Each structure stands twice: as C-alpha cells, then as structure tokens.
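Okay, here's what each chain looks like letter by letter:
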Amino acid sequence: MNPLLKDVTVLILTHNRQNCLDLTLPYWEKNGVRTLVIDQSPKEYKKAKNYLNCNYLYADKSFSERCSIAARTLESRYTILISDDELYIPSALLKMKKFLDEKSDFISVGGMSIAVWNYGPRLCGTWAYKKTFKHENLENNP
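Values in this document were obtained by computation on a predicted structure and should not be read as measured data. (Residues numbered from 1 in each chain as written. Predicted model: local features only at pLDDT ≥ 70, side-chain atom pairs only at ≥ 80, totals over all residues. Heavy atoms only, no water.)

Student: Residue-level account of helix α3 (residues 90-102), with values.
Tutor: Given a rise of 1.5 Å per residue, 13 residues ought to cover 18 Å, and the 18 Å separating the end C-alpha atoms of α3 matches this to within 8%. Those residues of α3 not exposed but buried are Pro90, Leu93, Met96, Lys97 and Leu100. Down the axis of α3, the buried set is contained in an arc of 125°. They therefore lie on one face. Pointing more than 90 degrees away from the buried face of α3 are the exposed residues Lys95, Lys98 and Glu102. In this structure, the buried side of α3 is in contact with β1 (8-14), α1 (18-30) and β4 (78-82). (Helix = DSSP H or I, 4+ residues; strand = E, 2+ residues; numbered from the N terminus. Expected span 1.5 Å × (residues − 1). Buried < 20%, exposed > 50% of the residue type's maximum accessible area, 1.4 Å probe, protein only. Arc of directions from axis to C-beta. Contact = heavy atoms within 4.5 Å.)

Student: Pulling in residues and values, what's your account of the pattern of salt bridges?
Tutor: Pairing between side chains becomes possible if they bear opposite charge and their charged atoms approach one another. Inspection of every chain in the model, using the stated rule, returns seven salt bridges. Ionic pairing is found between lysine 97 and aspartate 7, a salt bridge with its closest N-O pair at 3.8 Å. Here the residue lysine 97 occupies a position in helix α3, and aspartate 7 occupies one in the segment before β1, the gap between them amounting to 90 residues. One salt bridge connects aspartate 85 with arginine 17, and the closest N-O pair in it is separated by 3.1 Å. Of the two residues, aspartate 85 is situated in the loop between β4 and β5 (86-87) and arginine 17 in the loop between β1 and α1; the sequence distance between them amounts to 68 residues. Classification of aspartate 85 by relative accessible area gives buried; the value is 18%. Sharing partners across several salt bridges, the network here consists of Asp7, Arg77, Lys97 and Asp101. (Salt bridge = Lys/Arg side-chain N within 4 Å of Asp/Glu carboxyl O.)

Spelled out as structure tokens, the structure:
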C-alpha cells in the first residue's frame, strides 16, 4: 500500500468489461493504491484475487444499488469514482487529496483521467473526457 495514499480508495463499478480490469487493476496494484471493484458482469472476475489492494465484490445489481453497496463498504476517508478503463497518475491523486485536506469547505474535487485500451499488441492512452477539459465543480452549496 502506498502510505501517502492509504486513505484513498479508487472505486470501479464495472459491467461486462472485465477485460478493462486486466489493464487497470495491475496499474493500481503496482502503485499501491487501494481499489474497490463492484462488478455486474455475467460471471465473477476470478483474477481479482491476484491483487492484494483490491476489494472485489460481485453484485448483479443496478448501478444505483452498486453505489449503495459502495457507500456501505468504503472505509477510507477519500474515494474517487473512476471507470474501469481509466487511470489517474498517483501524483494527481495526491494533489486532489492535498486540496481536500487543506480546503475543508470543499467536498469534492476531480482531475483529468487517462483512458486506456489495447490496440493490437499495444497499450494506448488518451484523455478520457476531452470535452470536459477545464470543467469546474463549483457551486454555492457544494
């Protein structure tokens, strides 16, 4: 476990895309980041047991029901919801965590994630949500 990110959990709600977990879970494991995966695929993802920092739950439930399961299961101070094919570099998670630690009037923060996929034998990446670049989550009542 990365001691600087011990109070951060990456939450992945996946459905029929376990092939994406083959790319992203090794990344989170290598970087010592805790993950919670709640999977609604037809079958359980057996490879999840290979990752020490991964809490894997198989739940044939709707998205909202899986969110409720996550809310009951999460124990870390901070959680970031991410797609099964997205990554953040650990320094970005640290910056987001630091911001929230220093700004107690904020309850959420986000950053730009990297979308990953296989293109033949190559692992590729790009901006996940290019059209939301410079999107701000500022409201009078966050």
